[in-house]
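# Structural overview for review
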There are 2 protein chains.
Amino acid sequence: MFKEQLKEKQQLIEKELHRILEVEENPQIIYEAMKYSVFAGGKRLRPVLCLSSCELFEGDIKKALPVACAIELIHTYSLIHDDLPAMDNDDLRRGKPTNHKVYGEAIAILAGDGLLNLAFEVLIRHALENPHDYQRILKATNEIARASGCKGMIGGQVVDILSQNTKLTYEELKFMHEHKTGALIEASVCAGAYIAGAIEEDIHALREYASLIGLAFQIKDDILDVIGEEEKLGKKVGSDREKGKVTFVNIFGLKKSQQMVVELTQKAIEILDRFGEKALFLKELSNYLIERVN
Amino acid sequence: MFKEQLKEKQQLIEKELHRILEVEENPQIIYEAMKYSVFAGGKRLRPVLCLSSCELFEGDIKKALPVACAIELIHTYSLIHDDLPAMDNDDLRRGKPTNHKVYGEAIAILAGDGLLNLAFEVLIRHALENPHDYQRILKATNEIARASGCKGMIGGQVVDILSQNTKLTYEELKFMHEHKTGALIEASVCAGAYIAGAIEEDIHALREYASLIGLAFQIKDDILDVIGEEEKLGKKVGSDREKGKVTFVNIFGLKKSQQMVVELTQKAIEILDRFGEKALFLKELSNYLIERVN
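Report follows, based on the coordinates. These figures come from a predicted structure and were not determined experimentally.

Here the focus is the overall build of chain A. The secondary structure content of chain A amounts to 15 helices and two strands. Rg of the C-alpha trace for chain A: 18 Å, near the compact-globule value of 19 Å for 294 residues, within the 12% margin. Projected onto its principal axes, the C-alpha positions of chain A cover 50 × 50 × 35 Å. Each of the 294 residues in chain A was classed as buried or not, and the buried ones make up 60%. Counted over contacts in chain A with a minimum sequence separation of 6, partners at least 24 positions apart contribute 73%.

This part covers the pattern of salt bridges. Scanning all chains against the criterion turns up 36 salt bridges over all chains. The partner of Glu-178 of chain A in a salt bridge is Lys-174 of chain A, with the nearest N and O atoms 3.3 Å apart. Placement of the pair is Glu-178 of chain A and Lys-174 of chain A together in helix H9 (residues 170-195), with a separation of four residues, close to one helical turn. In this structure Lys-174 of chain A comes out as partly exposed when scored by relative accessible area, which is 24%. Across the salt bridge formed by Arg-292 of chain B and Asp-221 of chain B, the nearest N and O atoms sit 3.2 Å from each other.

Looking now at the side chain of Thr-265 of chain B. Residues and elements named next belong to chain B. By secondary structure assignment, the location of Thr-265 is in helix H14 (residues 254-272). Take Thr-265: its relative accessible area is 2%, and that puts it in the buried class. Thr-265 has contacts with Ala-216, Ser-286, Asn-287 and Ile-290, leaving out every residue within four places of it along the chain.

Once that is clear, we can look at the environment of Leu-138 of chain A. Tracing the sequence through the fold places Leu-138 of chain A in helix H7 (residues 134-148). Note: C-alpha distance between Leu-138 of chain A and Leu-45 of chain A (93 residues apart in sequence) is 22 Å.

Turning our eyes to something else, we now look at unusual backbone geometry. Between Asn-26 of chain A and Pro-27 of chain A the backbone carries a cis peptide bond, its omega angle lying at -10°. Relative to the elements of secondary structure, Pro-27 of chain A occurs in the loop between helix H1 (2-21) and helix H2 (28-38). One non-glycine residue with positive phi stands out, namely Glu-58 of chain B, at about 55°. Relative to the elements of secondary structure, Glu-58 of chain B occurs in the loop between helix H3 (45-56) and helix H4 (61-83).

Rotating chain B by 180° about the axis while translating it 0.0 Å along that axis superimposes it on chain A, leaving an RMSD of 0.0 Å. Here the two chains are linked by the operation of a two-fold rotation axis. A high fraction, 100%, of the interface residues of chain B reappear at the interface in chain A, so the copies pair face to face through one surface.

Attention now moves to helix H15 (residues 280-291) of chain A. It helps to recall that an α-helix has 3.6 residues per turn; residues three or four apart then point in one direction. Residues and elements named next belong to chain A. Helix length check: H15, at 12 residues, gives a terminal C-alpha distance of 17 Å against a target of 16 Å (1.5 Å per residue), a fit within 8%. If you check which residues of H15 are buried, you get Phe-281, Leu-282, Lys-283, Leu-285, Ser-286, Leu-289 and Ile-290. If you follow the buried residues of H15, they end up packed against H1, helix H3 (45-56), helix H10 (200-227) and helix H14 (254-272).

A few words on the packing of aromatic side chains. Going through the model one piece at a time under the given rule, you end up with 14 aromatic pairs over all chains. Arranged with centres 5.2 Å apart and planes meeting at 35°, the rings of Phe-2 of chain A and Phe-281 of chain A form a pair that is tilted. Of this pair, Phe-2 of chain A sits in helix H1 while Phe-281 of chain A sits in helix H15, and the two are 279 residues apart along the sequence. Comparing Phe-2 of chain A with Phe-281 of chain A shows no difference in burial state: the two are buried. When the ring of Phe-120 of chain A is compared with that of Phe-120 of chain B, the centres are 4.5 Å apart and the planes differ by 10°; the resulting orientation is stacked. Linking Phe-120 of chain A in helix H6 (residues 105-129) with Phe-120 of chain B in helix H6 (residues 105-129), this pair reaches from one chain into another. Phe-120 of chain B carries the same exposure label as Phe-120 of chain A, and that label is buried. Above the face of the Phe-281 of chain A ring, Lys-9 of chain A is positioned so that its terminal group lies 4.0 Å from the ring centre.

Tracing the backbone through its elements, the reader meets Met-87 of chain B in the loop between H4 and strand E1 (92-93). In this structure, the C-alpha to C-alpha distance between Met-87 of chain B and Gly-42 of chain B, residues 45 residues apart in sequence, is 21 Å. Ignoring anything within four residues of it in the chain, the contact list for Met-87 of chain B reads Ala-106, Ile-109 and Leu-110 of chain A together with His-81, Asp-82, Gln-157, Ile-161 and Gln-164 of chain B.

Those residues of helix H2 (residues 28-38) of chain B lying buried are Ile-30, Tyr-31, Ala-33, Met-34, Ser-37 and Val-38 of chain B. Buried residues of H2 of chain B, seen end-on, are gathered within an arc of 160° and therefore sit on one face of the element. Close packing links the buried residues of H2 of chain B with helix H8 (153-162) of chain A together with helix H1 (2-21), H4, helix H5 (99-103) and H6 of chain B.

Now for the interface of chain B and chain A. Taken together, the contacts link 48 residues of chain B with 48 residues of chain A. Overall, the association of chain B and chain A removes approximately 4,100 Å² of surface from exposure, summing both partners, and the carbon and sulfur fraction of that is 77%. Counting the surface chain B buries against chain A, the share from its top three residues, Asn-117, Leu-128 and Cys-150 of chain B, is 14%. The interface formed by chain B and chain A holds zero salt bridges in total. Here chain B and chain A share six residue pairs in polar contact (both at pLDDT 80 or more) between them. Element by element, the count of residues in the side of chain B that touches chain A is highest for H6 of chain B, at 14 residues. Grouping the constituent residues of the side of chain B that touches chain A by class yields 30 nonpolar, 11 polar and seven charged.

Scoring rules and cut-offs
Residues numbered from 1 in each chain as written. Chains lettered and ligands numbered in written order. Predicted model: local features only at pLDDT ≥ 70, side-chain atom pairs only at ≥ 80, totals over all residues. Heavy atoms only, no water. Helix = DSSP H or I, 4+ residues; strand = E, 2+ residues; numbered from the N terminus. Rg over C-alpha atoms; globule rule 2.2 N^0.38 Å. Buried < 20%, exposed > 50% of the residue type's maximum accessible area, 1.4 Å probe, protein only. Contact = heavy atoms within 4.5 Å. Salt bridge = Lys/Arg side-chain N within 4 Å of Asp/Glu carboxyl O. Least-squares fit on C-alpha atoms with pLDDT ≥ 70 in both. Expected span 1.5 Å × (residues − 1). Phe/Tyr/Trp six-rings, centres within 6.5 Å; stacked < 30°, edge-to-face > 60°. Lys NZ or Arg CZ within 6 Å of the ring centre and 35° of its normal. Arc of directions from axis to C-beta. Buried area = accessible area lost by both parts, 1.4 Å probe. Polar contact = N/O pair within 3.5 Å; in protein donor to acceptor, adjacent residues only side chain to side chain. Nonpolar A, V, L, I, M, F, W, Y, C, P; charged D, E, K, R; others polar.

Next comes the structure, spelled out in structure tokens:
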């Protein structure tokens, strides 16, 4: 049941992403480069979270769909720029050559820029086309814009870059992940709730939920970098260690890290109790995230 | 009179840009890098155009100010990314070291990303805070988002990148400039008009005006690259030729190019006749643009 519901949401998202990126304009290479990374096999976690939290409040999933896809465009732009030689200098992502390996650095930078811009184009157009819901859509957009900017994702990436030759403390590591990964996960969950017209109190609870699964998600990533299977991960195992990155695993050890993932997820799921049965899918999704192998 | 009015607008814009960028958050280096390029001595042409076109329709200039500044943030982001080693590889901009020369490539890429994101943050917040004018603000934002995306500025930059080892035809050169520079100039003028609540017919006329001065502006740039004074330009004269770039000057020659600038500007000014005396400032601004030395 859960797996089918998940697949259904993922398919909705794929279809909408294709619709958004189906552009027959010149210069074609930039659309090709953007599509290359958007359709490189992402799990669509963030947009699924957005749709699920909209459903939690019985909101109209069609209204959340463009918002969910805009978030995925922003997520993809951040991966393209993070992989650049001047940043993490990664050659592989999800088992495929990274964007700049295929299209060159200049086009990769511009493809990232294009996706960030496109995300806002989609959101603004959505607000303009739905005057009755414009305030909900703007609130969701505001949430996303904050999360993807310097107070969120970009701020986290800056700390990551600056830390490449120093050893982060646990507090700094947490700051980095809360900003680099956590902020957009939080925004995904809250944006869906805004679209559904949820009240501030519920959004506050969801924000806490999202912050917990965001952290669990990141610790799980660090664990997979140590014990994952390369084929499933689509990248080399041990790349964090190779780059000298501080991870949860090398601060707390493998066993304690695995325990943290379980505890954080349990705590997150407990927060969802207040929403009763309607939260079943989100609960299952939270467990799915910690059982993943890539 | 014109000079004072221009200065007054520029000061309003400076003050608002400082307000927007006055952020005391971690990591500070990213705010520093963004401010470095935003306050590197730009002429604020685009935001001045935006305010002026708002005034043309007796709109509230305070409502146009955040929009005008968002445009300047987008313009600055595009300069930072254009200057990167993977793109134009420029060391100097307005007489100062380019962003990546001071902060390194990684931070420069992120500072550009941060400014693009910040522009939309400013616009969305502005729409949320002004529910009575939200539709005007969203229309302006939509105009800007289109102009800065792949159908505008980014598309133009892609053609510029692709053309580095080929010889562009006049049509291709025109396409490049219409997208790379023209689109955002057009959006600046139209956004101001949207904020003032101008009717579509007037916006249509302004769009034509902006497209003419946008082209004149670019040809003037090409001329200055040949006959400008390095000290005033803040960069090396002849850099286009050095990079093997096709320019209006090497297609049409210096004399014909100068003539084109005058003719395009005259044609643009004629379009403004329909607005009577209120268009005086915009007319003088148009002439100011072709008389500039940097």
